[in-house]
Amino acid sequence: MSRIFTLLAGWLADLLLGDPAWLPHPVVGFGKLIAAGEKRWNKGENRRRKGAWLAIGLILGVYLVTFAFLLGLRAAGEALHLGRWLQWIAEAVLIFYGMAGTTLIREVREVFRAVDRSVEEGRAQVARIVGRDTAELSAQEIRTAALETLAENLNDGVVAPLFWLLLLGVPGMMAYKMVNTLDSMIGYRNERYRDFGRFAARLDDAAGWIPARLTAFLMLLAAGQLRLFPFVRKFGPQHLSPNSGWPEAALAGILNCRFGGPHNYFGQEVRKPWIGENDRPLTTADMERAVLVNRLAEFLMVLLVAAINAILSIFLLSL
């Protein structure tokens, strides 16, 4: 039952605090390790192999360090007659770090406020949360980019971390965060990262495969629109990513809008398939509805993980 306590504590902390700028974040450290490894090994021959070994080493390292850290806190707590409280508090803090729902919602709201003031402000604001080039985006494209990112982040920043928390505990959640950070930094299909980041990108696809589809289902359930499942099955697989299209398709169906199309990344055009059919203007009301769906889907995922843990606890106690 301690897993339910740490889950709820970490989730509520993210709900209330997000990611305060003044608070050090493990993902920042992950990024520095990846950048250092990329600078050292992304050159010469065998780049694909070097990138794979870097990814494997960092992911296993994060898992083992987290596992050892929590085990040490458990031993320290028992030695100090504190039971497992030190371990539980640390697990709650790491779960808080592992979730990224609130911060992205705040950023998306800021994008819509900024673009309502001027297109230039909107471009600057949306550049904080998307990887595409933003210098020439229209107001509609800015709003579309923000909502696409909101849908994708529900998987990458909430559902997938909780999925791996359920399967492999807090160390597994932290390892997934490293997988996702690797993909976001070196998983691009451009000349610099095509070989070096290939393994990281494929591993992120594999780690997010089930969570992405679960995310789409939870979004439809939260919106009371399960009838849109055929729509999601039609458009979800059309995305260039095997996972991103599913939550994007769910949100496109819920809002009756269209995502996707051509985007520029690092000065090169990438023609993404259209997700949805209704090319209509997006509004602040659409954003608020998307945020509500995200929050409800997040709550359903937390509830699902807590329920499974409760069932497992009861089963183990009965043995």
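Only a predicted model underlies this, so the values are computations on that prediction, with no experimental measurement involved.

Take the overall build of the protein next. A count of helices and strands for the protein gives 12 helices and 2 strands. Counting helices and strands in the order they occur from the N terminus, the protein gives α-α-α-α-α-α-α-α-α-α-α-β-β-α. The C-alpha atoms of the protein give 20 Å as radius of gyration, which agrees with the globular expectation for 319 residues (20 Å, within 12%). Seen through its C-alpha atoms, the protein measures out along the principal axes to roughly 60 × 55 × 35 Å. Roughly 15,700 Å² of accessible area belongs to the protein as shown, and the carbon and sulfur atoms make up 63% of that amount. Across the protein, 35 positive and 29 negative side-chain charges occur, with their mean positions spaced 5 Å apart.

Direction vectors running N to C along helix α9 (residues 209–223) and helix α11 (residues 245–255) enclose 20°, while the axes themselves pass 7 Å from each other. On the basis of the axis angle, α9 is roughly parallel to α11. As for the relative orientation of α9 and α11, their crossing is right-handed in sense. Residues Ala212, Arg213, Thr215, Ala216, Met219, Leu220 and Ala223 of α9 pack against Trp246, Pro247, Ala250, Leu251 and Ile254 of α11. Looking at the contact of α9 with α11, its residues break down into 10 nonpolar, 1 polar and 1 charged.

Considering all chains together, one arrives at 1 cavity of 30 Å³ or more under this definition. Of the volumes computed, that of the largest cavity is approximately 40 Å³. As for the largest cavity, its lining consists of Gly101, Ile105, Leu150, Asn153, Leu154, Val158, Asn294, Arg295 and Glu298. Broken down by secondary-structure element, the contributors of at least two residues to the lining of the largest cavity are α5 (101–117), α7 (139–186) and α12 (284–318). Top element by residues in the lining of the largest cavity is α7. It accounts for 4 residues. Taken together, the residues that form the lining of the largest cavity break down as 4 nonpolar, 3 polar and 2 charged.

What follows concerns a nonpolar patch on the surface. Together, Phe5, Leu80, Leu82, Trp85, Ile89 and Val93 line one region of the surface with nonpolar side chains, adding up to about 570 Å² of accessible area. Among the elements that take part in the nonpolar patch, helix α4 (residues 85–98) stands out by supplying 3 residues, more than any other. Considering the arrangement of structural elements, one finds Leu80 in the loop between α3 (47–79) and α4. On the basis of relative accessible area, Leu80 is assigned to the exposed category, the value being 56%.

Grouped together as the largest cluster of nonpolar side chains are 85 residues, with contacts concentrated most on Val108, Val126, Leu147, Leu162, Leu182 and Met219. The element contributing the most residues to this core is α7, with 23 residues. In contact with Met219, other than residues within four places in its own chain, are Ala151, Leu154, Pro247, Ala250, Leu251, Ile254, Val293, Asn294 and Ala297.

Time to look at α4. With 14 residues, α4 ought to run about 20 Å at 1.5 Å a step, and its terminal C-alpha atoms sit 20 Å apart, in line with that. Those residues of α4 lying buried are Gln87, Trp88, Ala90, Glu91, Ala92, Leu94, Ile95, Phe96, Tyr97 and Gly98. Buried residues along α4 sit in contact with α1 (2–17), α2 (26–41), α3 and α7.

Positionally, Ile105 belongs in helix α5. When its relative accessible area of 4% is taken as the criterion, Ile105 is described as buried. Distance in space between the C-alpha atoms of Ile105 and Leu292 is 9.9 Å, their sequence separation being 187 residues. Among residues more than four places away in sequence, those in contact with Ile105 are Leu150, Val291 and Arg295.

Let us now look at the side chain of Asp286. Relative to the helices and strands, Asp286 is located in helix α12. At 2.9 Å, the side chain of Asp286 and the backbone nitrogen of Thr283 are in polar contact. Not counting residues within four places of it along the chain, the set of residues in contact with Asp286 comprises Leu255, Arg280 and Pro281.

To continue, consider α3. Between its terminal C-alpha atoms α3 stretches 47 Å, which fits the 48 Å expected from 33 residues at 1.5 Å a residue. Tucked into the core, α3 has its buried residues touching α2, α4, α7 and α8 (198–207).

Further remarks concern unusual backbone geometry. At Asn46, a residue that is not glycine, the phi angle is positive and equals roughly 60°. Tracing the chain through its elements places Asn46 in the loop between α2 and α3. Phi is positive for His81, close to 60°, though the residue is something other than glycine.

Turning to the packing of aromatic side chains, a few remarks are in order. Applying the stated criterion across every chain, the model contains 8 aromatic pairs. Consider the rings of Trp11 and Phe299, whose centres lie 6.1 Å apart with planes at 40°: the pair is tilted. Remark: Phe299 occurs in helix α12 and Trp11 occurs in helix α1; sequence separation between them is 288 residues. The class for Trp11 is buried, based on a relative accessible area of 11%. With a centroid separation of 5.2 Å and an interplanar angle of 75°, the aromatic rings of Trp85 and Trp88 are classed as edge-to-face. Here Trp85 and its partner Trp88 are both found in helix α4, 3 residues apart, which amounts to about one turn of the helix. Among the aromatic side chains, those forming a connected cluster through ring pairs are Phe5, Trp85 and Trp88. The positively charged end of Arg258 is found above the aromatic ring belonging to Trp274, 3.5 Å away from the centroid.

Cut-offs used in this document
Residues numbered from 1 in each chain as written. Predicted model: local features only at pLDDT ≥ 70, side-chain atom pairs only at ≥ 80, totals over all residues. Heavy atoms only, no water. Helix = DSSP H or I, 4+ residues; strand = E, 2+ residues; numbered from the N terminus. Rg over C-alpha atoms; globule rule 2.2 N^0.38 Å. Areas by Shrake-Rupley, 256 points an atom, 1.4 Å probe, with all protein chains shown as cover. Lys, Arg positive; Asp, Glu negative; His and termini not counted. Charge placed at Lys NZ, Arg CZ, Asp CG, Glu CD. Axes fitted to C-alpha atoms, helices over the stretch in contact; angles between N-to-C directions. Parallel < 35°, antiparallel > 145°, perpendicular 65-115°, else oblique. Left-handed = near helix turned anticlockwise from the far one by under 90°. Contact = heavy atoms within 4.5 Å. Nonpolar A, V, L, I, M, F, W, Y, C, P; charged D, E, K, R; others polar. 1 Å grid on protein atoms, 1.4 Å probe; cavity = no way out; pocket = protein on both sides within 12 Å on 5 of 7 lines; lining within 4 Å. Points joined across faces, edges and corners; volume = space filled by probe spheres on them. Patch = residues over 30% accessible without salt bridge, like charges linked within 9 Å, V, L, I, M, F, W, Y side chains within 5 Å. Salt bridge = Lys/Arg side-chain N within 4 Å of Asp/Glu carboxyl O. Buried < 20%, exposed > 50% of the residue type's maximum accessible area, 1.4 Å probe, protein only. Core = buried A, V, L, I, M, F, W, Y, C linked by side-chain atoms within 4.5 Å. Expected span 1.5 Å × (residues − 1). Polar contact = N/O pair within 3.5 Å; in protein donor to acceptor, adjacent residues only side chain to side chain. Phe/Tyr/Trp six-rings, centres within 6.5 Å; stacked < 30°, edge-to-face > 60°. Lys NZ or Arg CZ within 6 Å of the ring centre and 35° of its normal.

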